[in-house]
Amino acid sequence: AEQGKPFDEARAEVCYAAGFLDWFAEEGRRTYGDVIPSSSADTRIVVLKQPVGVTAGITPWNLPAAMVTRKLAPALAAGNPMVLKPAPFTPLTALAIMELGVRAGLPAGVLNVVVGDVADAAAIGAELTSNRTVRKIGFTGSTAVGKLLLEQAAGQVKRVSLELGGNSPFIVFDDADVKTAVDSMMAAKFRNAGQLCTAANRVLVQHGIYDDFVTALAERTGRLVVGHGFDEASHLGPLINEAGLAKVERHLSDLVDRGGKVLTGGHRHALGHTFFEPTVVTGLDASAVMWREETFGPVAAITAFGDEREAVELANDTDYGLVGFVYTRDVGRVWRVSEALETGMVAVNTGRVSGEMAPFGGVKESGLGREGSKYGLEDWLEIKYVNLGGLNS
Ligand code: ADP
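Residues numbered from 1 in each chain as written. Predicted model: local features only at pLDDT ≥ 70, side-chain atom pairs only at ≥ 80, totals over all residues. Heavy atoms only, no water.

*Asks:* Please clarify how helix α2 (residues 66–77) should be interpreted in this entry.
*Replies:* Quick reminder: α-helices carry 3.6 residues per turn. Residues three or four places apart thus point the same way. In this model, α2 (12 residues) spans 16 Å end to end at C-alpha, consistent with the 16 Å of a helix rising 1.5 Å per residue. Residues of α2 that are buried: Ala66, Met67, Val68, Thr69, Arg70, Lys71, Leu72, Ala73, Pro74 and Ala75. Two residues or fewer after α2 comes Gly79, characterised by a positive phi angle close to 95 degrees. (Helix = DSSP H or I, 4+ residues; strand = E, 2+ residues; numbered from the N terminus. Expected span 1.5 Å × (residues − 1). Buried < 20%, exposed > 50% of the residue type's maximum accessible area, 1.4 Å probe, protein only.)

*Asks:* For this particular structure, what's the right way to read the packing of aromatic side chains?
*Replies:* Each aromatic ring pair is described using two quantities: the centre-to-centre distance and the angle formed by the ring planes. What the rule picks out here adds up to eight aromatic pairs. Taking the centre distance of 5.2 Å and the plane angle of 55 degrees together, the rings of Phe7 and Phe230 count as tilted. With Phe7 in helix α1 (residues 7–27) and Phe230 in the loop between α7 (207–222) and α8 (242–257), the pair connects residues that are 223 residues apart, well separated along the chain. Looking at Phe7, the relative accessible area reads 36%, which means it is partly exposed. With a centroid separation of 5.4 Å and an interplanar angle of 80 degrees, the aromatic rings of Phe173 and Phe305 are classed as edge-to-face. (Phe/Tyr/Trp six-rings, centres within 6.5 Å; stacked < 30°, edge-to-face > 60°.)

*Asks:* Explanation requested: the packing of helix α6 (residues 178–190) against α7 in the structure shown.
*Replies:* Packed helix pairs are characterised by how far apart their axes lie and by the angle those axes make with each other. It is at 10 Å that the axes of α6 and α7 come closest, and there the two elements cross at 50 degrees. Classed by the angle they form, the pair α6 and α7 counts as oblique. Classified by chirality, the crossing of α7 by α6 is right-handed. Across the interface between the two elements, Val178, Ala181, Val182, Asp183, Met185, Met186 and Phe190 from α6 touch Ile209, Asp212, Phe213, Ala216, Leu217, Arg220 and Thr221 from α7. When grouped by side-chain class, the residues that make up the contact of α6 with α7 number 10 nonpolar, one polar and three charged. (Axes fitted to C-alpha atoms, helices over the stretch in contact; angles between N-to-C directions. Parallel < 35°, antiparallel > 145°, perpendicular 65-115°, else oblique. Left-handed = near helix turned anticlockwise from the far one by under 90°. Contact = heavy atoms within 4.5 Å. Nonpolar A, V, L, I, M, F, W, Y, C, P; charged D, E, K, R; others polar.)

*Asks:* Explanation requested: the sheet that holds strand β7 (residues 159–163) in the structure shown.
*Replies:* Strand pairing in a sheet relies on backbone hydrogen bonds. The paired strands run either parallel or antiparallel. Across the sheet, six strands lie side by side as β5-β4-β3-β6-β7-β17; this open sheet has mixed pairing. Where the open sheet ends on each side, the last strands, each with one partner, are β5 (111–113) and β17 (367–368). One ladder, built from three bridges, connects strand β4 (residues 82–85) with β5; its direction is parallel. Each bridged residue has a counterpart across the sheet, and for Met82 the counterpart in β5 is Leu111. Relative to β5, helix α3 (residues 91–104) is tilted by about 155 degrees, and along the sheet it contacts β4 and β5. Running at roughly 160 degrees to β4, helix α4 (residues 121–130) makes contact with β3 (54–58), β4 and β6 (134–140) of the sheet. (Pairing = 2+ DSSP bridges.)

*Asks:* What am I meant to see in the pairing of strand β9 (residues 200–206) here?
*Replies:* Every other side chain in a regular strand lies on the same face of the sheet, so the side chains alternate between the two faces. Across the seven residues of β9, seven count as buried, placing the element largely inside the fold. At this point the chain moves from strand β8 (residues 168–172), through α6, to the parallel β9, and the crossover so formed is right-handed. As defined by bridge partners, β9 adjoins strand β12 (residues 299–305) across four bridges and the pair is classed as parallel. Residue pairing across strands places Val203 opposite Ile302, the latter belonging to β12. (Right-handed = clockwise from strand over helix to strand, strands pointing away.)

*Asks:* When you look at α8 in this model, what are you seeing that I'm missing?
*Replies:* Taking 1.5 Å per residue, 16 residues should reach 22 Å; α8 reaches 22 Å between its end C-alpha atoms and fits that length. Turning to α8, its buried residues are Gly244, Leu245, Val248, His251, Leu252, Asp254 and Leu255. Tucked into the core, α8 has its buried residues touching β11 (279–282), α9 (289–292) and β12. Of the residues flanking the end of α8, it is Gly259, one or two places downstream, whose phi is positive at about 105 degrees.

*Asks:* Honestly, the pattern of salt bridges in this entry has me stumped. Any pointers?
*Replies:* Two side chains carrying opposite charge are able to pair once their charged atoms lie near each other. Scanning the entire structure with this criterion turns up 22 salt bridges. Between Arg268 and Glu242 there is a salt bridge, with the nearest N and O atoms lying 2.7 Å from each other. Taken as a pair, Arg268 in the loop between β10 (261–264) and β11 and Glu242 in helix α8 lie far apart in primary sequence, 26 residues in all. Through salt bridges that share partners, Asp175, Glu308, Arg333 and Arg336 make up one connected network. (Salt bridge = Lys/Arg side-chain N within 4 Å of Asp/Glu carboxyl O.)

*Asks:* Looking at this structure, I do not really get the site of the ligand. What am I missing?
*Replies:* Taken together, 17 residues sit near the ligand, with Thr59, Trp61, Lys85, Pro88 and Ser142 positioned nearest. Measuring from an oxygen atom of the ligand, one finds a side-chain N or O atom of Ser142 at 2.7 Å. If the ligand stood free it would expose 550 Å²; the protein chains cover 79% of that surface. Listing elements by their share of the shell around the ligand, those giving two or more residues are α4, β6 and α5 (143–154). Each residue belonging to the shell around the ligand can be placed in one class, and the counts come to 11 nonpolar, five polar and one charged. (Near = heavy atom within 4 Å. Polar contact = N/O pair within 3.5 Å; in protein donor to acceptor, adjacent residues only side chain to side chain. Areas by Shrake-Rupley, 256 points an atom, 1.4 Å probe, with all protein chains shown as cover.)

*Asks:* Can you help me understand the environment of Cys197 in this one?
*Replies:* By the secondary structure assignment, Cys197 is in the loop between α6 and β9. Assessed through its relative accessible area of 15%, Cys197 is described here as buried. Put simply, Cys197 and Glu294 are 97 residues apart on the chain and 7.9 Å apart in space, counted from C-alpha to C-alpha.

*Asks:* Explanation requested: the sheet that holds strand β15 (residues 345–348) in the structure shown.
*Replies:* Reading across from one edge, β10-β11-β12-β9-β8-β14-β15 is the order of the seven strands in this open sheet, with mixed pairing throughout. Each of the sheet's edge strands pairs with one partner strand only, and the pair in question is β10 and β15. On average, each strand axis in the sheet is tilted by 25 degrees relative to the strand beside it, whichever way the strands run. Bridge count between β10 and β11: three bridges; the pairing is antiparallel. Looking across to β11, one finds that Val262 is bridged to Val281. Here helix α11 (residues 331–340) sits on the sheet and contacts β8, β9, β14 (323–327) and β15; the angle it forms with β15, its principal contact strand, is near 155 degrees.

So this is what it looks like as structure tokens:
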């Protein structure tokens, strides 16, 4: 009700969000230290894992439950209290999670939520980054704000983990299974109406399969139902706000001005408000705004490529590096392309990458650190090494 995604997707997000709490509650029991052989017989080298201290979480509106628990769960499991600043468009979900924490018996002060309007974000961010009590910032949001927080955190050399923007390539090779690729595209592009940092942003299709894939994608996309999130028939809800909608329109009209051809959709939806038609457009190239920036809306923009080398070059032609999607049945190619993509994650023959057990995160300007998995727990722990000497009598 707060964010607008269809109810089934909202339920799935709540399970995903709860998954972080379950998983890190277990993994917290395995924050093992280490004993390292010393070069001296009368010393022992012992490695301890300790909580970082007071942490801050700053979260976006697109996954208002899961982005909170993806930070909160490892923070708590590692022994850190948190001050959480949810997005101004979705504070109620964060407050509901805090209430559940209170009911579950979290001691007072362990989880604290600070809400504010859009205009308050800079002041809250400045306090969280300049207050000496805060030792770590975990942020998910835009690359611009992530860079600002990184700069601000530098003042006290605070630990920072950042999950920032993406510009994901979705690469379909000639030998791919068209149905698998199209099914994956439905999830990778149209889930949450395309408002995901992992969303496929640049669709690269090899010449030999191009017509089949594009025809099937346009046909499936044309059947998607846009509507109220509580209407069971809806596949897509509204976009978050008018600014989000204006960005989608700007990206699309830029591509159409450059010769892009709309195969389905292309306009604001007849429902009005911030609903937009699921859209497939061809003619994407490196001069388009969509090539450089993530659209964050329900527009699949497609271009063709010749060979594997060209696909990898096109895919890596971005400052971002969150996830790459790859469709092929050639196992050698799976390895070559997975290793060559400059991304933190690769999805092969599937449209999904997220899960509490896997390390989510990006390279290049998509972020620092990982969330989820044992690697995600490390991000909320300090290593302390104790050199224990004088043991010989
Ligand atoms: P989006 O474009 O997805 O809204 P933002 O990066 O603007 O991404 O927002 C993500 C989160 O960062 C939100 O909670 C927002 O309020 C917060 N935020 C925005 N500006 C700042 C800032 N200057 N300092 C700290 N947090 C900020």
